[in-house]
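# Close look at the chain arrangement
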Amino acid sequence: MRRFVFSMAAVGVALALTATVALAAVTWHSGPTVTFNGTTSVTVTGDGSGFGNQPAIATLTVNASVTYTCQNKGGAQAPGQNPVDATSSGSQDLGNGDHNGRGIINLTVAFSPAATVPGKSIGCPNGNWIGVDPVSSGITSATLTITQGGKTIFGPTTYDNPNN
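Residues numbered from 1 in each chain as written. Predicted model: local features only at pLDDT ≥ 70, side-chain atom pairs only at ≥ 80, totals over all residues. Heavy atoms only, no water.

## With respect to the state of the cysteines
- Counted under the stated rule, the structure contains 1 disulfide.
- Between the sulfur atoms of C70 and its disulfide partner C124 the distance amounts to 2.0 Å. On the sign convention where negative means left-handed, the S-S torsion of about -100 degrees between C70 and C124 marks this disulfide as left-handed. Linking C70 in strand 3 (residues 56–71) with C124 in the loop between strand 7 (117–118) and strand 8 (130–148), this pair joins segments that are 54 residues apart in sequence. (Disulfide = S-S within 2.5 Å. Helix = DSSP H or I, 4+ residues; strand = E, 2+ residues; numbered from the N terminus.)

## Some details on the pairing of strand 3
- Here strand 3 runs beside strand 8; their pairing, made up of 14 bridges, is antiparallel. Within strand 8, the residue paired with V62 across the bridge is A142.
- As judged from the 10 bridges shared by strand 3 and strand 5 (residues 84–93), these two strands associate in the antiparallel manner. Bridging from a neighbouring strand, V66 pairs with V84 of strand 5.
- As defined by bridge partners, strand 3 adjoins strand 4 (residues 77–79) across 3 bridges and the pair is classed as antiparallel. (Pairing = 2+ DSSP bridges.)

## Observations regarding the pattern of salt bridges
- Evaluation of the coordinates by the stated rule reveals 1 salt bridge.
- In this structure, D47 engages R102 in a salt bridge whose closest nitrogen and oxygen atoms are separated by 2.8 Å. With D47 in strand 2 (residues 41–49) and R102 in the loop between strand 5 and strand 6 (103–110), the pair connects residues that are 55 residues apart, well separated along the chain.
- Given the relative accessible area of 16%, D47 is considered buried.
- When its relative accessible area of 37% is taken as the criterion, R102 is described as partly exposed. (Salt bridge = Lys/Arg side-chain N within 4 Å of Asp/Glu carboxyl O. Buried < 20%, exposed > 50% of the residue type's maximum accessible area, 1.4 Å probe, protein only.)

## Digging into the nonpolar core
- Ranked by internal contacts, the top residues of the largest apolar core, which has 29 residues, are V42, L60, I105 and I146.
- Breaking this core down by element, the ones donating at least two residues are strand 1 (27–37), strand 2, strand 3, strand 5, strand 6 and strand 8.
- When residues in this core are grouped by element, the largest group, 8 residues, is from strand 3.
- For V42, the contacting residues outside a window of four places in its chain are V34, T35, F36, N37, L60, V62, L107, T108, V109, I139 and A142. (Core = buried A, V, L, I, M, F, W, Y, C linked by side-chain atoms within 4.5 Å. Contact = heavy atoms within 4.5 Å.)

## Considerations on the sheet that holds strand 6
- Ordered in space as 1-2-6, the 3 strands form an open sheet in which the pairing is antiparallel. One side of each edge strand has no neighbouring strand; the edge strands of this open sheet are strand 1 and strand 6. With direction set aside, neighbouring strand axes in the sheet form an average angle of 5 degrees.
- Bridge count between strand 1 and strand 2: 8 bridges; the pairing is antiparallel. Across the sheet, S30 pairs through a bridge with D47, a residue of strand 2. (Axes fitted to C-alpha atoms, helices over the stretch in contact; angles between N-to-C directions.)

Purely spatial values, then, with no claim about function.
Here it is as structure tokens:
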């Protein structure tokens, strides 16, 4: 009987600790604030706590639409048929491991389209063509995700560019 009571007490303690961890949350003192710097870059800033002492990593992914010109091996060009979605991303350690769970984000990610893409992806006549001369319509949105120990603890949260 004592063994049973001890086992049940251990299970109760384990559940209580798990519930405490599950209910722990990030508290934002400022931000996160996402600023679209025209159509070429995005900056996210913020000051939060509740991250714990294990390093937390913020990743910002910017999304854009790009139109390419089709070009064959002989150099002949024709307009591409399909704008393609493109992304750029950057990451930052929030520094919370050294600051008792308090972390700061100040991350800027610029978008620069790939110089060439496979022709099939943009509607060129066949796989012998490539997409060249990229023209970006600018960043359309940005997604912020914060991970810690391989688990997502914030986001992913997507912000639309108010300028588009």
